[in-house]
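# Structural features, examined
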Amino acid sequence: MRNDCFYIFFFCNLSAVFFFFQTPKPSFPANMRLRATCALLGLLLLTLFDSSECLQTVVRPDKGSTVTVSTELPVDQCAVCTVRGVNDTQTSCHSSLSLVPEEEVKLLFNCSQPIEQAYTVMITRTIECTKDSCTPTTAETQPSILTEFTRTFTWELKAPEKIIVSLNILGEGLMETSQPCPDGFQYLVATSKTSDKGRTQYCRGGSVTRLDLPDQAAVSLQVKPKAQVESVLFQASAGPLKGRTMVITVDSSTTVVVSRNPEEPECEVCSVDGATPSCSPTEKTLTNAEKLQLEFSCPKPEDVYSVKMNKKIECTQTSCTPAAGEVDPDLFKDFKRSLTWDMSLPERTVLTLDFPGGLKELSGAEKCQDGHQYSVSTTKSDGKIKTNSYCKGGTVSHLDLLGATTVTTEVPKGGEIDSTAFSVKAAPRGGRMMSVTPDPNTIIIISRVTSEPDCSVCENKAPKPICNTQRLTLKDPTNTSVEFTCPRPQDVFNVEINREIDCTETSCSGNIVQAESSLFPDFNRTFTWDLKVVSTRAFQLDFPEPGMRQIPNEETCPDGHTYSLLTYLRTGPATIGTFCKGGTVTTIQARYKGRMSLQVPGDRKLDPVDLKLTVGPETSMIAIVKVNLPRGVSDTNFITANYPSDFPDNQQMQWDFKVPGMHNYTVHFLDHTAPECLKNEVEVEYQKEGNKVTKLTLTDPQPEHQQGSFNMFLKNCETNRTLEGLALKYKVSLMRSGHPVLCNVDLTKHKGVSLQIEKVGSDPYCEMSIDSKVQEKIIVAAGTKASLSFLDCPNEDVRLTASKVIGCQNVSSCSATALTVPLLDSCLRMPLHSFTWHLIIPQDSTVDLTSPTGSLRQSLPGQECNQSLSLHFAEDNGVSVGDFCFNGVIQKVQVHANISVTATVQNFTKTRGPFLNVNFSQEIPETIIYRVSPKVSSPALLATPNWPQGMRPSSTVSWIVTLPSQYQANMHFVNLSQPKCKDRHTGIKVKMLGHEEEIMSRREDEQAEDKLMVPQSFYLNMSNCVPEDGKFGAMTKIVLQKKSNLLAIALGIAGALLFLLIVLAVVCIITKKKKKEKMNTESSIYISKGNMFVPGDRHFSKARSDNESHVYDSIDETMVYGHLLGDSSYADSMQDHYKGMQVDSYQTFTGPTDGELPVINEPDHGPEMDRDKTFLDPSMSFMPPRPRTPIDRQDSLGFQDRRMVDNELYTFKSTGDMNTIRLSAIDLEPQPPITEESL
């Protein structure tokens, strides 16, 4: 049906009503006009109410049921209408509509809200029962009626008196609940239609299969829209009301009262003791009953009756009978119970109650959550009753009580209670006795401060003790026994210890020094000193450092030691002030006579200040207060005598303020009252040393921003005492007069950079502020601006650090970054102490750190970094990785975690980086990987992260060590500490790169070798466990060593020997052929082992006759006589293996390169026989017996002397220094390292 159907019918109906009143007898044409009008109105309103919802249905209630449809919305928004007449033109709309049983009606629902939520349907049936039957016998529902709405099916029960109606639940049982039912089927059972009590909610799916209900009870079922409801829910039957019968036993010391709540239904209780039962509709009292039968006329008397149980406990001074609060826990367990124990005891007896499990004291109207509530009431001797309430489960387990006591506990229905609620003991109330010896000239006054009865204080004197319930005074400086008749007299009495001190014109008879006193240590004590000097003078109290602080007179000090000073005037006592330790007041002078008091609570140890009492000058002031104002910014409050009461008439008070240099003070009147003066005026005077007095009134502006110490005077007039008098509270503010250093910091120019400034000096007057807020530590967040101020802060007393966050979201999009320090605002005059980069890596990635100089060095013992540069690496959890600097063996550091790098240099203005190059790469399996290239020239030290504190639990570290060619590594664990592991094991593994097998693998419970030789580049891994005790850390030293190839050496020696044999054979053959010939031509050759020389050079230390310089290893005859051959192609006709460069052998001469040179002939100075020597000593032969290590480059076979010239005689071109050239691929010495100073 259309949503606008309701408005069509509604307005047609309104038109019909209007037409009816206008035309009492309408004609046919008029009816036609009316219908036309309805049609027009309907068409017009279609567009106005298109958002409404409507429903039209036909309903016929069953016989015996009353159906009510209603809505809570106004009728102009939501209504239910009956539709009648020809073409359904007659409608009648209401907010609530009751339908007639067995009468079919057409209903129209139209509402601006969803109709499922706007309407409710009530379907009510009545079940009438006689004493043995019910009509109808079943509770039917009519499940198909108005299923679109929320429906409530209700069955009202009617039955004769004392007849019970039983409803047997068909289908699954019910379950009692206090929450909404999840399936939308909510049952409600009410024992009375007129009372809200006795209502119980149920859901389906429980064990309740029958409901026994009295007359006027009702059962209802509420279901959600479109819910499928069974047609029959209950089977009804009726029968006589069967009450509950129980058998109880009550002992003679217990009285039980069973009483009915007047608001509950009637229900009799009868006690059957004999032939005739004793019944009562309201209350039954039971005592001393053995197996007594009780009969209740209602099935659930626990909902109607409550039970009070009263027991008596009789006590003497030593015991109680019974000795515990006992109870039968099952007696009337289903009922709400109130258990009371009345305990009587003689005078001067203390009653002790012990509660198992403890109690928690309640305050005010607080209630116990579990319903178990205890009340303990004690009757005082004056008839007043003191009551405290408790809950179960607390810290109060022991109660000492004085006087008759009543304990009551409230137990809810079904509540559990122990058979022994508490234990009770009685003992004579002996109180406390102590020995007291007053000091000379000291009076001890013990006075009552509470109204607690039955406690007296007694002075044990012969022949009879002197007792008083209110006050006791002790003056005799002898040992006196004091007895209190209550166990805790400190809760009842206070103690005042008074001493009188008389002063002459020059000195006083005593001093205000109160050492630790053993008198009444747990009592609230007041120490008083009555001070007196001659009437024209003042007594002076000097307070030790750090002085005293004045507080309002009604307050107490935080440490419990509260000092007060009053002076006695002719008009009465005047309170000068109340003071605490630690303040600006250093001295007080008061006129003539006064009292100094110290109040200390009983729970505090006496710790007084050492007051010094002297005789002061003559004065007309009632008091002079001297104040030392502290350096820095401060606000100090002061009040006049008697504040907030009236300042004495015609009196003066003076304050002397000592102001530190370079400080300004300002006086603020915070609160004051001006009296009505009958004579003179109220004046406030200020005076500085050497200056005139400035007189002001209370309303005048007071001194502001002035320097120097000053005195302030307050003079009162003669006032009208019937009105408010003079009172003044003021404040003295102090601030520095220096000029702060201002700095506006703008971090929006530096992405991710933040600053931190903190005090490191001992000057307490250094004041730092950010945006006008004084701070001990200033933090300027990244991307913000701040106004900084520094007052009296030397640069060496503040420390500036900066940090920057460098984050990467995706490894593929992250570019390499160089860590450099940005140029900070120049107004920051303090030097930058350190700069920290926080490197944030993406998940499953690694940060790579490399040095811009090529390598890093970890600062370790033996290879420490100097103070010019330090790079501290730390993980984001604060665990240190280590300190590093430039120029070492570490080529790269890879970290699989967020890491911070902190650079510290001597002067950041000269060195701004780059300090490191940062790149992001894919994830590595270890926590940290070092790539290391050791040097030949020095050993390399490697240490685990956080050395020497130990590695982080469950972390791993690896070193990939690359060795140069022809070198091996000697690895030594110079320092290794192993923990006791709680979970997993530590591990040290070494394996060569490119190999799967491990050279070494050790755990913490295995003995590891401290030395290991690794023949090539290798991989060193260390992993930590979860330590139970100890730490895991290691320092490893790597030393490079040249490899020695024994096989090559052996083959070389064998080849050399073979070559030597061949040479010897050739020499022998040549010698035989030419032993007659003379050698007239000299030639020179280059011998790889030995010295190079020039024939004829006169540098030999021996004569030719006694040296072997002219003896040759071998002579190539073709080279000796080759220049005589005319064929220039001789050299070209030589075999190929004679051409080219031959390393470590004789080089064949292939012809002159720079023209012919004159032949240098060496004169013969020795015997001729020396020239005929064919063989050399083995040490000077061309092939030595074993290879020797060259001692210099010119001795190596890999170098050739450029001075030697390819001429006929292989002589030298010059006699200058040797100029070698490299002929082989042997590695040179390493270049000198790059130092940090080069940065």
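Worth saying up front: this structure is predicted, and the values here are computed from it rather than measured. (Residues numbered from 1 in each chain as written. Predicted model: local features only at pLDDT ≥ 70, side-chain atom pairs only at ≥ 80, totals over all residues. Heavy atoms only, no water.)

### Points about the overall build of the protein
Of regular secondary structure, the protein possesses five helices and 85 strands. A burial count over the protein gives 42% of its 1239 residues as buried. Long-range contacts, defined here as pairs at least 24 residues apart, represent 79% of the contacts in the protein between residues at least 6 apart. Surface accessibility of the protein: about 66500 Å² in total, with carbon and sulfur atoms responsible for 50%. (Helix = DSSP H or I, 4+ residues; strand = E, 2+ residues; numbered from the N terminus. Buried < 20%, exposed > 50% of the residue type's maximum accessible area, 1.4 Å probe, protein only. Contact = heavy atoms within 4.5 Å. Areas by Shrake-Rupley, 256 points an atom, 1.4 Å probe, with all protein chains shown as cover.)

### Examining the environment of leucine 742
For leucine 742, the position within the fold is in strand S57 (residues 741-746). Counting along the chain gives 85 residues from leucine 742 to cysteine 827, while the straight-line C-alpha distance between them is 7.6 Å.

### Overview of the layout of surface pockets
Counted as a void, the second largest pocket has a volume near 1400 Å³. Listed by contribution, the elements that provide at least two residues to the lining of the second largest pocket are strand S11 (163-169), strand S14 (199-206), strand S15 (210-213), strand S18 (244-260) and strand S22 (305-315). The biggest single contributor to the lining of the second largest pocket is S15, with four residues. Of the residues that constitute the lining of the second largest pocket, the class distribution is 18 nonpolar, ten polar and 18 charged. (1 Å grid on protein atoms, 1.4 Å probe; cavity = no way out; pocket = protein on both sides within 12 Å on 5 of 7 lines; lining within 4 Å. Points joined across faces, edges and corners; volume = space filled by probe spheres on them. Nonpolar A, V, L, I, M, F, W, Y, C, P; charged D, E, K, R; others polar.)

### Points about the side chain of glutamine 490
When you line up the elements, glutamine 490 lands in the loop between strand S37 (480-484) and strand S38 (493-502). The class for glutamine 490 is buried, based on a relative accessible area of 14%. In this structure the side chain of glutamine 490 is engaged in a polar contact, spanning 3.0 Å, whose partner is the side chain of arginine 432. Apart from residues lying up to four places away in sequence, glutamine 490 is in contact with Arg432, Asp522 and Phe523. (Polar contact = N/O pair within 3.5 Å; in protein donor to acceptor, adjacent residues only side chain to side chain.)

### Overview of empty space enclosed by the protein
In total, this model carries four cavities of 30 Å³ or more according to the counting rule given. Looking at the largest cavity, its volume works out to about 60 Å³. Lining the largest cavity, in full, are Glu875, Val879, Ser880, Thr927, Ile928, Pro945, Asn946, Met951, Arg952, Ser955 and Thr956. Residue composition of the lining of the largest cavity, by class: four nonpolar, five polar and two charged.

### Focus: a nonpolar patch on the surface
A cluster of nonpolar residues, Leu1058, Leu1061, Ile1062, Val1066 and Ile1070, forms a patch on the protein surface that exposes about 450 Å² of accessible area. Mapped onto the elements, isoleucine 1070 comes out in helix H4 (residues 1046-1074). What makes isoleucine 1070 partly exposed here is its relative accessible area of 35%. (Patch = residues over 30% accessible without salt bridge, like charges linked within 9 Å, V, L, I, M, F, W, Y side chains within 5 Å. Salt bridge = Lys/Arg side-chain N within 4 Å of Asp/Glu carboxyl O.)

### Description of the confidence of the model for the protein
The predicted structure's coordinates, where accompanied by low pLDDT, should not be read in detail. In the predicted model, the protein carries a mean pLDDT of 81, and the fraction of residues at 70 or more is 81%. Long-range and interchain partners of residues 1078-1105, a stretch whose pLDDT sits below 50, account for 59 contacts in this model, where long-range means more than four residues apart. Low pLDDT, under 50, characterises residues 1124-1146; the stretch is placed with 20 contacts to residues that sit more than four places away or in other chains. (pLDDT = per-residue confidence, 0-100.)

### Examining the environment of valine 957
Relative to the assigned elements, valine 957 resides in strand S75 (residues 956-961). You can call valine 957 buried: its relative accessible area is 0%. Excluding its chain neighbours within four sequence positions, the residues that come into contact with valine 957 are Ile928, Tyr930, Thr944, Pro945, Met951, Leu1020, Asn1021 and Met1022.

### Side note on the sheet that holds strand S6 (residues 105-111)
Taken together, the four strands give an open sheet; going across it, the order is S1-S6-S3-S4, and neighbouring strands pair in antiparallel fashion. The sheet is open, and its two borders are formed by strand S1 (53-59) and strand S4 (90-94), each paired with just one other strand. Direction aside, the axes of adjacent strands within the sheet are offset by 25° on average. Pairing geometry for strand S3 (residues 78-84) and S4, over five bridges, is antiparallel. What sits directly across from valine 83, in S4, is threonine 91. (Pairing = 2+ DSSP bridges. Axes fitted to C-alpha atoms, helices over the stretch in contact; angles between N-to-C directions.)

### Re the state of the cysteines
Taken as a whole, this structure holds 18 disulfides when the rule is applied. A sulfur-sulfur separation of 1.8 Å characterises the disulfide bridge that pairs cysteine 181 with cysteine 203. Sign of the S-S torsion, about -95° for the bond between cysteine 181 and cysteine 203, identifies this disulfide as left-handed. One end of the pair, cysteine 181, is in the loop between strand S12 (173-177) and strand S13 (186-190); the other, cysteine 203, is in strand S14, and 22 residues separate them in sequence. Given the relative accessible area of 5%, cysteine 203 is considered buried. Here cysteine 865 pairs with cysteine 885 through a disulfide, and the sulfurs are 2.0 Å apart. Between cysteine 865 and cysteine 885 the sulfur-sulfur dihedral comes to about -80°; the bridge is accordingly left-handed. Of this pair, cysteine 865 sits in the loop between strand S67 (856-858) and strand S68 (869-875) while cysteine 885 sits in strand S69 (residues 880-886), and the two are 20 residues apart along the sequence. Cysteine 885 matches cysteine 865 in its accessibility class, with the two residues each being buried. (Disulfide = S-S within 2.5 Å.)

### Re the nonpolar core
Formed by 81 residues in total, the largest nonpolar core has its most connected members in Leu788 and Phe873. In contact with leucine 788, other than residues within four places in its own chain, are Val741, Leu742, Cys743, Val745, Ile757, Ser769, Ile770, Ile778, Val780 and Leu828. Judged by nonpolar contacts, the second largest core, of 77 residues, contains Ile501, Leu606, Leu698 and Leu726. (Core = buried A, V, L, I, M, F, W, Y, C linked by side-chain atoms within 4.5 Å.)

### Let's talk about the sheet that holds S37
Spatially, four strands are ordered S32-S37-S34-S35 in an open sheet, and the strand pairing comes out antiparallel. In the strand order of this sheet, the two ends are held by strand S32 (432-436) and strand S35 (466-468), each with one partner. Pairwise comparison of adjacent strand axes, ignoring direction, gives a mean angle of 20° for this sheet. Across three bridges, the pairing between strand S34 (residues 457-459) and S37 is antiparallel. Paired with cysteine 458 across the two strands is glutamate 483, which belongs to S37.

### Some remarks on the pattern of salt bridges
Inspection of every chain in the model, using the stated rule, returns 22 salt bridges. In this structure, glutamate 767 and arginine 736 form a salt bridge, with 3.3 Å as the shortest nitrogen-oxygen distance. One end of the pair, glutamate 767, is in strand S59 (residues 767-770); the other, arginine 736, is in strand S56 (residues 727-736), and 31 residues separate them in sequence. Comparing glutamate 767 with arginine 736, the two get one shared label, buried. For aspartate 1005, the salt bridge is made with arginine 1003, and the minimal N-O distance between the two is 2.8 Å. Residues participating in the shared-partner salt-bridge network are Glu172, Asp183 and Arg204.

### Considerations on the packing of aromatic side chains
Counted by the stated rule, this structure contains 28 aromatic pairs. Taken together, the ring pairs in this structure connect Phe638, Trp655, Phe657, Tyr665, Phe669, Tyr686, Phe710 and Tyr730 into an aromatic cluster. (Phe/Tyr/Trp six-rings, centres within 6.5 Å; stacked < 30°, edge-to-face > 60°.)

### Quick look at unusual backbone geometry
For the peptide bond that leads from threonine 135 to proline 136, omega is -10°, which places it in the cis range. Within the element layout of this structure, proline 136 appears in the loop between strand S8 (134-135) and strand S9 (138-140). Residue tryptophan 947 is joined to proline 948 through a cis peptide bond whose omega torsion reads 0°. Residue placement: proline 948 occurs in the loop between strand S74 (940-943) and S75. Phi is positive for aspartate 771, which is not a glycine, with a value near 55°. Along the chain, aspartate 771 turns up in the loop between S59 and strand S60 (773-775).

### So, the side chain of threonine 567
Position of threonine 567 relative to the elements: it lies in strand S42 (residues 562-569). A polar contact is formed between the side chain of threonine 567 and the backbone oxygen of arginine 591, at a distance of 3.2 Å. Those residues in contact with threonine 567 that sit more than four places away from it in its chain are Gly572, Pro573, Ala574, Ile576, Arg591, Lys593, Gly594 and Ile622.

### Focus on the environment of valine 350
Take valine 350: it is sitting in strand S26 (residues 349-361). In contact with valine 350, other than residues within four places in its own chain, are Asp400, Leu401, Leu402, Lys425, Ala426, Ala427, Pro428 and Arg429.

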